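A structural walkthrough
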Amino acid sequence: MAILNSKTGEVRRSYTVDELKEAANEMRGYDMIALAAAGSGHSGGTLSIMDITAALYLQVADHDPKNPLWKDRDRIVWSVGHKAPSLYIGLGMAGYFDVKDVARLRKLYAPYQGHPHWPKLDGVEASTGSLGQGLSIANGIAMAARLNNQDYRVYCLMGDGEQQEGQIWEAVMEAGHFGLDNICGVVDRNRLQIDGYCCDVMNVEPLEDKYRSFDWHVIECDGHDMECLLDAFEEAKTVKGKPTVILATTIKGKGVDFMEDVAGWHGKPPSMDQMWDALKQFGLDKKLPVKKMLKIADDWQKKVTKELDAKQPRFSKSYWWNETRNMKVDMDPTRKGFGRALSERGDDKRVVCLGADISGSITISQFYEGHPERMDRWFSIGIAEQSGTGVCAGLAKEGKLPVFGTYGVFASGRNLDQLRTTVCYGNFNVFIAGAHGGVSVGPDGATHQALEELFQMCGLPNMHVEVPCDSVETQRAAEHLLFKVKGPKYLRFAREATPVVTDEKTPYKFGKANVIRFRGPKPKFKDAFEHTLASKYKSEDEDLTIAACGPSVPEAMRAAWILKKEYGIETRVLNVHTVKPLDKTAVVKAARETGVVVTAEEHQKGGFGNKVAAAIAADKRMHGRPLGFGMVGVDDRFGESGQPWELVKEFEVSAEHIAAEAKRLYDIKAERLEKEEKKAARAAAKAKPAKPKKAAQKKKRKTQRKKTAGKKSAKKAGRKTQRKKTAGKKTAKKAGRKTQRKATRKRKKK
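Read on for an overview of the structure. (Residues numbered from 1 in each chain as written. Predicted model: local features only at pLDDT ≥ 70, side-chain atom pairs only at ≥ 80, totals over all residues. Heavy atoms only, no water.)

**Points about the environment of Leu-56**
For the record, the criterion: Numbering of helices and strands runs from the N terminus; a helix is a DSSP stretch of H or I covering at least four residues, while a strand is a stretch of E covering at least two. For every residue, the accessible area obtained with a 1.4 Å probe (protein chains only) is divided by the maximum for its type, and the residue is called buried under 20%, exposed over 50%, and partly exposed between those limits. Whether two residues are in contact is decided by their heavy atoms, any of which lying within 4.5 Å being enough.
Note on placement: Leu-56 falls in helix α3 (residues 50-60). Take Leu-56: its relative accessible area is 0%, and that puts it in the buried class. With 505 residues separating them along the chain, Leu-56 and Trp-561 place their C-alpha atoms 56 Å apart. If we skip the residues at most four places from it in the chain, Leu-56 touches Ala-61, Ile-76, Tyr-155, Leu-157 and Phe-233.

Listed below in C-alpha cells is the structure:
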C-alpha cells in the first residue's frame, strides 16, 4: 500500500523503486536548503535517514495527507527527534503541505520546530527530542491498537547512539514480552554520534544479539539500498507474535563528500556556499526551487521581526545591546566560563569528569583537551543521564570530585529521581552542570530549552544551586562549587553569547548577593555600573529593586539604565547568583528600603521569583508594610524554535519588559504615597488645637483662680479705699458746712 484515499481506499500515489531513489535524492536537496536557510540544525543524521524516510512515507506506510487523523492510518514515531527535517520533508513530499514551505524550518512561529511537536503540524504523531522515549510511545500506541481491535502498524525510527539510553531497553523488553507484532523499529545505524564513533563513546553492539535476546525479530539491511529497504519492511509485516527491528546500516552525511562519516556534522548546518556545493553533488543545483525557498524563509523572517518589534515595550529610543553609540558590551557564551574553570583547575587528582555525548557543546571537554594526562579521569558514559548520575554518587562516596554535565533539561529532569534518592539523600559531593538554560538556546526548541530546573533543583534537600550572570562569574562559581562547597551542587548556565558585565575585581561570595547601581552612561556598558556586596551596601533611597539571576542580570542592568534615562527612577539591581541558599537578608533589606521588588529570570516564572517572594513574606518586619511585587519570566509555557535573541523578546524576558513592569509598580507606589500625603494634609487642616493634659489644665485653672482672686481683692481694696476717700470727703464737706453755719449765726447776732 502507500498514500491512500481513506474514504475510497484507492491509492493516491505509488512509486517505483527508481522513483523512490530519485525522490530520496530530491529530499536530500530540500534538506540542505532548509538547513542553510535556518542557519542551524542536523545535517549528518538527516542525510543518513532520508532513504528510510522516502520508503516509509511514499510507499510503505498507509496514510492519507488529506485526512491526517484517519483512525486506521499507520503511525510513525520519530524517537530520533533531532532528525525532524527529514520527517517534515517526508510529509511535504507525501502531500501534507507544499514541501517548499520547509524553508521556514526552525523559525519563530513556524510549525517546523527544531524537534517535532505534534500539535503544531499534521502528520507528526508525537512530540520528541529527548532521546530514548519514542519506542515507549510506540508501545503504547501498539497496545491501543490491540485494545481497539485495529490493525494499523506502528513504526519507530531510532538512532544507534540512542540505544545507549536505558529507557530504550525497558521498551525493547516490554514489546518483546507483550509480543507486539504490530511494531516495527528502525535503527538508523550510521555509527556516529556527537562525541565520535558510537563504539568509542559507549559501545552498544552487537545490537542484533541484544534485540534477539528480548524476543524481537531482527532484519539487517543496507539503509541506502531502496530495494533492500522495501523488502525489509515487507518482511516485517509478515512476522507474527513478536516485534521486528530493522537495523539499517547507513552513512552519516550521505551524498555530500565533505560531510560523510564526519562526527562534526552531527548538529551543524551547511553555509550557503556549502549548500550550493551539496546541491551540485546531488545534481539538483538547477532543478530545485532554491531562490523561491530562500525567499519564503526571508519573507517569513521579516514578518516575524515586525511582529516581535510590535510586542516590545516602547521608549524614547532603542536601548538594545550595542545599538547605541556608547554603552557597548562584549559578548561571550557563559558555558565557556565553565570550560575554562575545568581546564585551569582540573589538575587536582580528585577531579573526575563524565561526558554525556554533548561534551564539546557544553565545554566539559576542555577538562582534557590540551591535557592528555587527564584522560584517565575522563569517562564518556554516552546518552545515559540516569546511570551517569549514579556513577557520580559512587565516585563521590570514595572521595572523588565528580563533575557531570549535559543540557539542563536532561541534567535536572531525566535524572531527577537519581539526584533526589542517590545524590541528595546521601548528601554526596556531586557537581551537576546544567548547560543551555533558558529560551536563549534558540532553534532547537522546547525539548532542549531548560525552563523548569530551578523548581526541580531548589526543591531537593542538601542541593546548592548557582546561576551566574556571565562567563566570568560562571568560571568563578564553577571553581567555588568544585572545591569549596560540600554536598550536591547544580550550576545553571546558558548556551548563547551573553553580555560580559563582571570581571575579576567584581565581588563574588557564594550565598551572598551583589548590589549593582547604575552610575551614568559610559563608553563600555560594564563601566557604567558599580558592584557591591549586599552586606556592605548602604541604601541610597532607591525607588525600586530588580532582583535577578543568570542572564537576566545584564537585562536587569539595562532596565536600570532605561528607567533612569526615561523617568529619572533610581534602581537597586540585586545579582542573586546563589539561588539556594538564597541571600534572604539582602532581599528583605531591598524590599524594606525601596518598597518595590521585581524579580527577573530566564526560566518559568516563579522558579526564582517564588523564593524571593517567600523570603519577603516570611520576614516579620515586612508584615503590614506595603510592597509592590512583580515577576518577569516565561509565563507558564514551553519554549519554541527561533533565534536566541528573538526568543528573549518573544517570551518577554528582555530589559524592556523588566523596565515596563518596574515602571508599572513604581507608578502604583507613587500614587499610593501621593494619596497618603494628601490625606495627611487634609487631616492636619481639619485638626483642632491639641487639648492640654489634665495636670496642666488643673494648674492653669488654679493659677487663673489666683489671678482672679487677686484681682477681686485688689478691686475690693480699691473700693474700700475709695469709700474711705469718699467718706473723708463727705466728712470734710459736712465739717465745712457746719463751720459755715456757725459763721453765719455769729454775723446775725452782731
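**Focus: the pairing of strand β19 (residues 529-533)**
Under the convention used in this document: Strand pairing is defined by DSSP finding a minimum of two bridges between the two strands.
With respect to burial, β19 is a largely interior element, 4 of its 5 residues being buried. In terms of strand pairing, strand β18 (residues 514-518) meets β19 through 5 bridges, oriented antiparallel. Residue pairing in the sheet places Asn-514 in a bridge with Leu-533 of β19.

**Considerations on α3**
Burial analysis of α3 places 11 of its 11 residues in the buried class, which makes it a mostly covered element. Listed in full, the buried residues belonging to α3 are Met-50, Asp-51, Ile-52, Thr-53, Ala-54, Ala-55, Leu-56, Tyr-57, Leu-58, Gln-59 and Val-60.

**Considering the packing of aromatic side chains**
The cut-off we apply is this: Classification of ring pairs rests on two measures: the distance between centres of Phe, Tyr or Trp rings, Trp counted by its six-membered ring, which must be within 6.5 Å, and the angle between planes, read as stacked under 30 degrees, edge-to-face over 60 and tilted in between. When the NZ atom of lysine or the CZ atom of arginine is within 6 Å of a ring's centre and also within 35 degrees of its normal, the charge is said to sit over that ring.
Taken as a whole and assessed by the stated rule, the structure comprises 18 aromatic pairs. Relative to Tyr-319, the ring of Phe-315 lies with its centre 6.5 Å away and its plane at 85°, an arrangement referred to as edge-to-face. On the basis of relative accessible area, Phe-315 is assigned to the buried category, the value being 18%. One aromatic cluster is present, built from ring pairs that chain together Phe-315, Tyr-319, Trp-321, Phe-518, Phe-525, Phe-529 and Trp-561. Stacked on the ring of Trp-265, the Lys or Arg Lys-268 has its end atom at 4.5 Å from the ring centre.

**What to know about the sheet that holds strand β14 (residues 431-435)**
Note the threshold: Lines fitted to the C-alpha atoms define the axes, with helices restricted to the stretch that makes contact. Angles between their N-to-C directions range from 0 to 180 degrees.
The mixed open sheet is built from 7 strands, whose spatial order is β12-β11-β13-β14-β16-β15-β22. Among the strands making up the open sheet, the edge pair consists of β12 (378-380) and β22 (578-580). Going from strand to strand, the sheet's axes swing by 20° on average, the running direction of each strand aside. Taken together, the 4 bridges between β14 and strand β16 (residues 489-492) define a ladder with parallel strand orientation. Looking at β16, one finds that Gly-434 is bridged to Arg-492.

**Examining the nonpolar core**
Which entries qualify depends on this criterion: Among the buried residues, those of types Ala, Val, Leu, Ile, Met, Phe, Trp, Tyr and Cys that are joined through side-chain atoms within 4.5 Å form a nonpolar core.
Counting 82 residues, the largest nonpolar core has Ile-52, Leu-56, Leu-58, Tyr-88, Leu-157 and Phe-233 as its most contacted members. In terms of residues, this core owes the most to one element, helix α1 (residues 17-38), which gives 12 residues. Of all hydrophobic cores here, the second largest spans 44 residues; its members include Ala-396, Ala-411, Val-465 and Val-588.

**Focus: the pattern of salt bridges**
We apply this condition: One side-chain nitrogen of Lys or Arg within 4 Å of one carboxyl oxygen of Asp or Glu is enough to make a salt bridge.
In this structure the tally under the stated criterion is 50 salt bridges. Arg-374 is the partner of Asp-347 in a salt bridge, and the nearest nitrogen-oxygen pair spans 2.9 Å. Taken together, the residues Asp-347 in the loop between α12 (334-345) and β11 (351-355) and Arg-374 in the loop between α13 (359-362) and β12 connect sequence positions 27 residues apart. A residue is classified by how much of its surface remains accessible, and Asp-347, at 49% relative accessible area, is partly exposed. The partner of Asp-667 in a salt bridge is Lys-663, and the shortest N-O contact between them spans 2.8 Å. In this pair, Asp-667 and Lys-663 are both assigned in helix α23 (residues 655-686), 4 residues apart and thus about one turn of the helix distant. Salt bridges sharing partners connect three or more residues here, namely Arg-517, Arg-519, Glu-530, Glu-540, Glu-542, Lys-564, Glu-570, Arg-572, Lys-589 and Glu-593.

**Brief notes about the side chain of Ser-641**
In plain terms, the rule: Pairs of N or O atoms are called polar contacts if they sit within 3.5 Å, as long as, within protein, a hydrogen donor faces a hydrogen acceptor (for residues adjacent in sequence, only side-chain-to-side-chain pairs).
Here Ser-641 shows up in the loop between β24 (628-634) and α22 (644-650). Overall, the relative accessible area of 0% leaves Ser-641 in the buried class. Of the polar contacts made by the side chain of Ser-641, one reaches the backbone oxygen of Pro-443; its length is 2.7 Å. Setting aside its immediate chain neighbours within four residues, Ser-641 contacts Arg-106, Lys-107, Leu-108, Gln-113, Gly-114, Gly-442, Pro-443, Asp-444, Gly-445 and Leu-647.

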